[in-house]
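Overview (structure and organization)
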Amino acid sequence: MAEAVVGWLVCPIIKIVVEKAASDRMKWMGDGVSKALERLRNTLLHLQTVASAVQLRGSTDRCRNLRSWLQQLMDAVYEAQDVLDNFDDSVPHPESSAVRFGKRILGADERVNRLKDVVAKLEAIDAGSSTMLSATETIAAASVSRQPSGSNHTGPMRPDEDAVVGREKELQEMVSWLVDTPDADAKPVSVPIAAIWGHGGMGKTTLAQLLFKDQKKVSSRKSLLVIDDVWIWNREDMDMTGIGFRAMWDKVLAPLRHGESRGSKIVVTTRQKIVATTLKAREFYLGDLPDNDIWSLFTRYAFGDGNVDKQSPELQGIGRKIAEKLRGSPLLAKAVGQMLGGRRREDHWRNVLEMDGFDDVSKTLELCYQNLPEHLQPCFAICSLFPKNWRFKRDKLVKIWMALDFIQPTSGKAQLEDVGSEYFDQLVDSDTVAQLKSRCDLKRLRTLLILKNPSSSLDQLPGDFFTDLKGLRVLSLEGCNIIHLSERIGNLKYLRYLALCKSITKLPQALTKLYRLQTFSSPKGSGLEVLEDIVNLTCLRHLDMDTSKITGIGKLIHLQGSVKFHVKNEKGHTLGDLDGMSSLRKELHIKNLDVVTKQEEACQAGLNKKENVKVLELEWNSTGKSVPSVEAEVLDGLEPHQYVKRKQEVLPPLGQLPCLKVLHLKEMCSVKEIGCEFYGTNPIAFPYLEELEFDDMPQWVEWTQEEKSTDMFPKLRKLKLLNCPELIKLMHKQQLESISILTLRNCQDVKFEELRVLTSLKRLQISHSSINDEQLCTCLRGLQALTWLEISNCNNITCLPQMESSDCLTKLHELHIQQCSEFSSLHPMPSFEALESILIENCSKITVKSFPTNFNSNTTLRKLSIMNCAELESLPSGFPSSLQVLHLIGCKPNLMNQLQLKDGPEWDKVASIPIKQIR
């Protein structure tokens, strides 16, 4: 496995080193260095071609010399990467630039000499590459000659009858689509496209190949274009509309729109449903094969032409158990069948059955790897270091990739973290990470992760640990229980990522010499003592520890993540220290602001420049000596960037905005009361507001208005109160009487009887509420204008309310009852004299007895929809003569079967209804 991963990494690492050698910061070097860099680039580019050929032919697993050559190349490439890193002048150097320049002239510059040495080493390796390439071709040719007709490769299966196993239906549907010709009189708009999509190894390419067997059904004037393995990778391609992607395809397909294209078709295969959706293609999804088909496919490759029944019952039994664990994958059935076909011994098959993975792990990983875009390949290879079923954390993985130079900056202002996050999403979308099966180790360590193991722990590191691993870029000790960290950690001068365990409470001074460190992490609650010189690590981007005690943290201008800053009247703790930290993201918590006495001092923090900060928390100590006017001036000086989320207990006077029409307030988690401060001091508050929404305000209790306040919300029409579970008191009647649309979701304590005053209300939605039958009845009384009502996820509602003739809902036309588990009765329906449409969905207690006895006498009902009411096994004896549309979906199987046969007493009840949807 180690050789496999080395083989995967060598080409991407070469690309990284070549780009680093050509970077702008290397161009200032003298002629000797420039010439050496040019030789380095040319040599590496040629070696990359050779290594790629070796990798694609899969030759290393059959030739020890090739494996040795590949490992030798990898070592030299890593050494070249180390040498180029030494030229990074952003890292403090023990010698002055003048001394280094003098040494370079005299030929005594160690960095230049090492560069020339590594170039010579790579040129020597390159000199033997022709021999290695010839060996690769010889092995590949010999392998082909030895293989039987059932090829051992893991690509598409042969387009023969064996490959059709389990896909006969899909093939028939595709052939029908292929030979279907549009109406001769119809004007062609575009060439029809079909997309075969599904996970890797499901037979998409094979199915596309099989279509060519039916070409005889397509006339000579028709074209069939098959485009295999289509992906969307770029950020621009993955936009919400897909416009860019579609426009690109329009250009590709433009030639087919000229000349005689009627009847021509296009087939694409893809793992991404978004490809099919964006192309507006006819979709053919290939899912897991049933167990019987997997067994049939497995036996064809495991037993060849031999009859399965001729095999011993014991071998057949083991084989069936293996087939059951192949997860419905044709590719795995083929691969495992081929692997076992040559060794039909029961002991061998039992050993395979007990394995965690049945396909050759490195082969499957290599297949996944080669299908990835180049920029994702090294990221995927690093994922294989983790144990099976490991739960990857996006942020941690991205930081590791950054430490290994796997994330390359893009044009524009995108941070490396953002680009890495996009890489993570692309890997998840590609479904490759999910296919990782096993753990592998790299002998030439760039990355060392010591993970938590419940059965054992590491209490001490070997004495020569930091001496032997000088090339480490990533070191995680999170799974250890060590207490002391050796001063020798200073030898890891290329280290970019360091994660400690909780048992380490004191740091060696040498750690402050790791100038390339980007990420330093210590678990919460470890009580780690902070080193004074930690601020010398100016490349730090992520500091996962308590930052409040760090003096001079302002030197860490690349720092991101969350930061706590305690203001003091001391050097290194003033607000001015924050000015240069414009890369901060997530949360910024500033404490002890009571020591700040001037607005000018507050402005020095430069908060208005920190556009990536998501949450800003400002804290004053309650000393009893504060001056409100001074604090107000300081607060003005701490004005954040417009994108910052503020933790706020009092809402600003938004009522003074004269032209505001729509207002949505969300996640105001500290607000407990909304009152006069929200409305402002104008004669009319919110004069033009039409739509108001409050969402996710868990502590909001009361919505009040002082008597002296004037008019408010004169034009408010739509009000949404969502996830306000503590809200009890609403505004006074006169502020709500103009509302025509009201939505209440998860507002458990609202006094529903107060809703009777909403005389203009036309649409009412109540969901996720504890409202009961009595409260609902009281709420609806007086709502004479109501035309639409929806009740959902209200488990205390058991029946429709009985409305008296004096206050019945004379204008209610549409009623929805959804996900109400206790709802069981429609008997009061006649009191809703204007009802035209009813939807009852996911109400498990609805039966034929739920309907009123005189249901057929209703004269207004035109549409009835009953969906997923699993206990409804029979229909009412009669339906209203006015009923025009009936939807019956997902009710009791016996009832649905009778109706779908269109015969019998249940069908007779609905036969006369003009429009019916029954499934």
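Just so you know, these numbers come straight off a predicted model, no measurement behind them. (Residues numbered from 1 in each chain as written. Predicted model: local features only at pLDDT ≥ 70, side-chain atom pairs only at ≥ 80, totals over all residues. Heavy atoms only, no water.)

Quick look at the overall build of the protein now. Along its length, the protein carries 26 helices and 26 strands. The buried share of the protein, taken over its 919 residues, is 48%. The long-range share in the protein, meaning contacts at least 24 apart out of those at least 6 apart in sequence, stands at 64%. For the protein, the accessible area works out to roughly 44,900 Å², and carbon and sulfur atoms hold 49% of it. (Helix = DSSP H or I, 4+ residues; strand = E, 2+ residues; numbered from the N terminus. Buried < 20%, exposed > 50% of the residue type's maximum accessible area, 1.4 Å probe, protein only. Contact = heavy atoms within 4.5 Å. Areas by Shrake-Rupley, 256 points an atom, 1.4 Å probe, with all protein chains shown as cover.)

Attention shifts here to unusual backbone geometry. Its identity as a non-glycine residue notwithstanding, Asn842 has a phi of 55°, on the positive side. On the secondary structure map, Asn842 appears in the loop between β23 (837-841) and β24 (863-867). The class for Asn842 is partly exposed, based on a relative accessible area of 32%.

It is worth spelling out the pattern of salt bridges at this point. Throughout the structure, instances matching the rule amount to 23 salt bridges. Residue Glu19 is joined to Lys15 by a salt bridge in which the shortest nitrogen-to-oxygen separation is 2.6 Å. With Glu19 and Lys15 both in helix α1 (residues 2-21) and 4 residues apart, this pair spans about one turn of that helix. The partly exposed category is assigned to Lys15, whose relative accessible area is 29%. Asp405 serves as the salt-bridge partner of Arg496, at 3.4 Å between the closest nitrogen and oxygen. In this pair, Arg496 sits in the loop between β6 (474-476) and β7 (497-499) while Asp405 sits in the loop between α17 (394-403) and α18 (416-430), placing the two residues 91 residues apart along the sequence. Here the two residues Arg496 and Asp405 agree in accessibility, since each one is buried. (Salt bridge = Lys/Arg side-chain N within 4 Å of Asp/Glu carboxyl O.)

A separate point is the sheet that holds strand β1 (residues 193-197). Within the open sheet, the 4 strands sit side by side as β2-β3-β1-β4. Their pairing is parallel. Since the sheet does not close on itself, it has two edges, and those belong to β2 (224-230) and β4 (282-285), each with one partner. Across the sheet, the axes of successive neighbouring strands diverge by a mean angle of 20°, strand direction being ignored. Note: β1 against β4, 4 bridges, orientation parallel. Directly across from Ala195, in β4, lies its bridge partner Glu283. (Pairing = 2+ DSSP bridges. Axes fitted to C-alpha atoms, helices over the stretch in contact; angles between N-to-C directions.)

Attention now moves to the sheet that holds strand β19 (residues 741-745). Pairing in this open sheet of 11 strands is parallel, and the strands run β14-β16-β18-β19-β20-β21-β22-β23-β24-β25-β26 from one edge to the other. The strands lining the two open edges of the sheet, one partner per strand, are β14 (662-666) and β26 (915-918). Taken over all neighbouring pairs, the strand axes of this sheet differ in orientation by 0° on average, direction set aside. Summarising the sheet, strand β20 (residues 763-767) and strand β21 (residues 788-792) pair through 5 bridges and their orientation is parallel. Counted as the bridge partner of Leu764 is Leu789 from β21.

Relative orientation of the contacting elements helix α12 (residues 313-324) and helix α14 (residues 346-353) amounts to 15°, with a least axis distance of 10 Å. Relative to α14, the element α12 lies roughly parallel. Seen along the crossing, α12 lies across α14 with a hand that is left-handed. When α12 is examined against α14, the residues Glu314, Leu315, Ile318, Gly319, Lys321 and Ile322 are found in contact with a partner set consisting of Glu346, Trp349, Arg350, Val352 and Leu353. (Parallel < 35°, antiparallel > 145°, perpendicular 65-115°, else oblique. Left-handed = near helix turned anticlockwise from the far one by under 90°.)

In terms of burial, β23 is largely enclosed, as 5 of its 5 residues are buried. By the alternation rule, side chains of β23 split into Ser837, Leu839 and Glu841 and Ile838 and Ile840, which are all buried. Examined bridge by bridge, β23 and β24 share 5 bridges and lie parallel to one another. For Leu839, the partnering residue across the bridge sits in β24 and is Ser865.

Inspection of every chain in the model, using the stated rule, returns 0 disulfides. Cysteine Cys501 is unpaired, with the sulfur of Cys480 as its nearest cysteine sulfur at 5.6 Å. On the basis of relative accessibility, which here comes to 1%, the residue Cys501 falls in the buried class. (Disulfide = S-S within 2.5 Å.)

Our focus in this paragraph is the environment of Val750. With respect to the secondary-structure elements, Val750 resides in the loop between β19 and β20. Through-space distance from the C-alpha of Val750 to that of Cys724 is 9.2 Å; in sequence the pair is 26 residues apart. Not counting chain neighbours up to four residues away, the residues in contact with Val750 comprise Leu727, Ile728 and Leu730.

The set of residues buried in α14 consists of His348, Trp349, Val352 and Leu353. All buried residues of α14 lie within an arc of 140° about the axis, which places them on one face of the element. (Arc of directions from axis to C-beta.)

Here the structure, examined in full by the defined rule, presents 13 aromatic pairs. Relative to Phe686, the ring of Phe678 lies with its centre 5.0 Å away and its plane at 50°, an arrangement referred to as tilted. Each member of the pair, Phe678 together with Phe686, is buried. Summarising the aromatic geometry, the rings of Phe678 and Phe694 are spaced 6.3 Å apart at their centres and angled 55° between planes, so their arrangement reads as tilted. Placement of the pair is Phe678 in helix α22 (residues 676-679) and Phe694 in strand β16 (residues 691-695), with a sequence separation of 16 residues. For Phe678, a relative accessible area of 0% translates into the label buried. (Phe/Tyr/Trp six-rings, centres within 6.5 Å; stacked < 30°, edge-to-face > 60°.)

The next point concerns the nonpolar core. Core analysis: the largest hydrophobic core is formed by 83 residues, its most contacted members being Phe678, Phe686, Phe694, Trp703, Leu721, Leu764 and Phe823. Those residues in contact with Phe678 that lie beyond four places of it in its chain are Leu651, Pro652, Pro653, Leu654, Gly655, Leu663, Leu665, Phe686 and Phe694. The next biggest cluster of nonpolar side chains, apart from the first, holds 58 residues, and it includes Val10, Val17, Val18 and Phe386. (Core = buried A, V, L, I, M, F, W, Y, C linked by side-chain atoms within 4.5 Å.)

For the rest of this paragraph, the subject is the packing of helix α11 (residues 291-302) against α12. How two helices sit against one another is set out by the angle between their axes and by the gap between those axes. Two elements in contact, α11 and α12, have axes whose closest approach is 9 Å; the angle formed by their N-to-C orientations is 120°. Taken together, α11 and α12 sit at an angle that is classed as oblique. Crossing of α11 against α12: the hand is right-handed. Here α11 contributes Ile294, Trp295 and Phe298 to the contact with α12, which in turn contributes Gln316, Gly319, Arg320, Ile322 and Ala323. Looking at the contact of α11 with α12 residue by residue, the class counts come to 5 nonpolar, 2 polar and 1 charged. (Nonpolar A, V, L, I, M, F, W, Y, C, P; charged D, E, K, R; others polar.)

Among all positions of helix α25 (residues 893-900), only Leu895, Met896 and Leu899 are buried. Considered in projection along α25, the buried side chains sweep an arc of 95° and stay on one side of the axis. In α25, those exposed residues whose orientation departs by more than 90 degrees from the buried face are Pro893 and Asn894. Looking one or two residues beyond α25, the residue adopting positive phi is Lys902, at roughly 55°.

The next subject is a positive patch on the surface. Residues Arg391, Lys393, Lys452 and Lys502 make up a contiguous surface patch of positive charge. Looking at the element boundaries, Lys393 is found in the loop between α16 (377-383) and α17. (Patch = residues over 30% accessible without salt bridge, like charges linked within 9 Å, V, L, I, M, F, W, Y side chains within 5 Å. Lys, Arg positive; Asp, Glu negative; His and termini not counted. Charge placed at Lys NZ, Arg CZ, Asp CG, Glu CD.)

Our focus in this paragraph is the side chain of Lys20. With respect to the secondary-structure elements, Lys20 resides in helix α1. Within the structure, the side chain of Lys20 is placed 2.7 Å from the side chain of Asp405, a separation counted as a polar contact. (Polar contact = N/O pair within 3.5 Å; in protein donor to acceptor, adjacent residues only side chain to side chain.)

The subject of this paragraph is the confidence of the model for the protein. Parts of the prediction with low pLDDT should not have their coordinates interpreted in detail. On average, residues of the protein score 78 in pLDDT, and 77% of them are at 70 or above. Here residues 431-443 is a poorly scored stretch, pLDDT under 50, and it has 42 contacts once near neighbours within four places are set aside; other chains count. (pLDDT = per-residue confidence, 0-100.)

The next point concerns the environment of Thr547. With respect to the helices, strands and loops of the structure, Thr547 is situated in the loop between β9 (542-544) and β10 (563-566). Judged by relative accessible area, Thr547 falls into the buried class, the value being 3%. Distance from Thr547 to Val530, taken between C-alpha atoms, is 8.6 Å for residues 17 residues apart in sequence. Contact partners of Thr547, with chain neighbours within four places excluded, come to Ile553, Val563 and Lys564.

With that settled, the discussion passes to the environment of Gln72. Structurally, the position occupied by Gln72 is in helix α3 (residues 64-85). Here Gln72 falls in the partly exposed class, since its relative accessible area comes to 45%. Residues Gln72 and Ile125, 53 residues apart in the sequence, show an inter-C-alpha distance of 7.9 Å.

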